[in-house]
Amino acid sequence: MNEGILKTEKLTHVYSPGTPFEMVAVRDVDIEIRKGEVLGIIGHTGSGKSTLIQHLNALVKPSSGRVLLEGRDINESKESIKEARAKVGLVFQYPEYQLFEETVYKDIAFGPKNMKLPEDEIDRRVREAARFVGVEELLDRSPFDLSGGQKRRAAIAGVIAMMPEVLVLDEPMAGLDPQGREEIMGNILSYHEETGAAIVIVTHSMEEAARYTDRMIVLNHGSVAMEGTPEEVFSRGEELRRIGLATPVMTDVADKLRALGVEVPGTVYTVEQMVTALTALERGRRGA
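These figures come from a predicted structure and were not determined experimentally. (Residues numbered from 1 in each chain as written. Predicted model: local features only at pLDDT ≥ 70, side-chain atom pairs only at ≥ 80, totals over all residues. Heavy atoms only, no water.)

A. View of the overall build of the chain. Helix and strand content of the chain: 11 helices and 11 strands. Over its C-alpha trace the chain gives a radius of gyration of 21 Å, about what one expects of a compact globule, namely 19 Å for 288 residues. Judged by the C-alpha coordinates and their principal axes, the chain covers about 70 × 50 × 35 Å. Out of the 288 residues belonging to the chain, those deemed buried represent 49%. Of the contacts made within the chain by residues no fewer than 6 positions apart, 61% connect residues no fewer than 24 positions apart. Within the structure as shown, the chain displays about 14,200 Å² of accessible surface, and the carbon and sulfur contribution to it stands at 50%. (Helix = DSSP H or I, 4+ residues; strand = E, 2+ residues; numbered from the N terminus. Rg over C-alpha atoms; globule rule 2.2 N^0.38 Å. Buried < 20%, exposed > 50% of the residue type's maximum accessible area, 1.4 Å probe, protein only. Contact = heavy atoms within 4.5 Å. Areas by Shrake-Rupley, 256 points an atom, 1.4 Å probe, with all protein chains shown as cover.)

Pasting the structure below:
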């Protein structure tokens, strides 16, 4: 099993405590992010996903509980907060709205410059990050002249340029067309494969979680409802539906085929698995 790099212990966050508007957004959450994994955090709107991830690099402090980076409480000092923000990169939903510099190059360089890196190292990181997300040819362009997908990739490159060991993305494919979604996820996985960084994808899309993650954490009303591999989580379809989440379309199709008497083999939650399952079924019939 991969070693844990980032974890929470009894993490609780309360908004507007002691007022009529008090709301517990996250309650007693214990999660662990392991080195080199792709982790999905899923849940319905209001389940606490965004609040949870803002704790992971000390953008928000817990009301109680701790966040530990390699065993150290990230909120214990200014130094530990600085370390957390260098090692844990957070990409918000619609990050392109945070672009502000004159050129794509300057926007990507913003984070490394704040890290007080030498100019040659900043340049290396900018060009490497641009390569990961496929905007090498756009570095001299104004970010405001780019397409929506190009802006999204440039914004993600700005976080990747800090070379985080954990890259956390809040709905990274939101608002993009199918081709754009494929390209963005390919960029993210490229960074993961070449650097070994852990990737955390926050999503409400069960299809995305099924297709891309090694492990999933399901939040419900601010608490962890279930955790496991996609196969383990999607095998609990009734529980998912009770908390307002749908199972992947291919899982539903497989269930309906079984109800019609078609014995679809194995657990199915992606298109690729459905093709494999139906191919195996057809081969079995031919061999019978």
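Moving on from the coordinates now.
B. Quick look at helix α10 (residues 249-259). Among all positions of α10, only Met250, Thr251 and Ala254 are buried. End-on view of α10: buried residues confined to an arc of 105°, all on one side of the axis. More than 90 degrees from the buried face of α10, the exposed residues found are Lys256 and Ala259. Immediately beyond the C-terminal end of α10, within one or two residues, lies Gly261, with a positive phi of roughly 95°. (Arc of directions from axis to C-beta.)

C. Region of interest: the pattern of salt bridges. For the coordinates displayed, the defined rule picks out 25 salt bridges. Of the charged contacts in the structure, one is a salt bridge between Lys10 and Asp30, with a shortest N-O distance of 3.7 Å. Of this pair, Lys10 sits in strand β1 (residues 4-15) while Asp30 sits in the loop between β2 (23-29) and β3 (32-34), placing them 20 residues apart in sequence. Given the relative accessible area of 49%, Lys10 is considered partly exposed. (Salt bridge = Lys/Arg side-chain N within 4 Å of Asp/Glu carboxyl O.)

D. Seen up close, the sheet that holds strand β10 (residues 215-220). In spatial order, the strands read β7-β8-β9-β4-β10-β11; together these 6 strands make up an open sheet with mixed pairing. Edge positions in the open sheet fall to β7 (88-91) and β11 (223-228), since each of these has one partner strand only. Going across the sheet, the axis of each strand differs from the next one's by a mean of 15°, ignoring polarity. Where strand β4 (residues 38-42) and strand β9 (residues 198-203) come together, 5 bridges link them in parallel fashion. The residue bridging Ile42 from the neighbouring strand is Thr203, located in β9. Its contacts with the sheet put helix α6 (residues 178-195) on β4, β8 (166-170) and β9, and the angle it makes with β9 is roughly 155°. (Pairing = 2+ DSSP bridges. Axes fitted to C-alpha atoms, helices over the stretch in contact; angles between N-to-C directions.)

E. Quick look at the environment of Phe132. Counting through the fold element by element, Phe132 comes out in helix α4 (residues 119-133). Separated by 59 residues in sequence, Phe132 and Tyr191 place their C-alpha atoms 6.1 Å apart. Apart from residues lying up to four places away in sequence, Phe132 is in contact with Ile160, Asn187, Ser190, Tyr191, Glu194 and Thr195.

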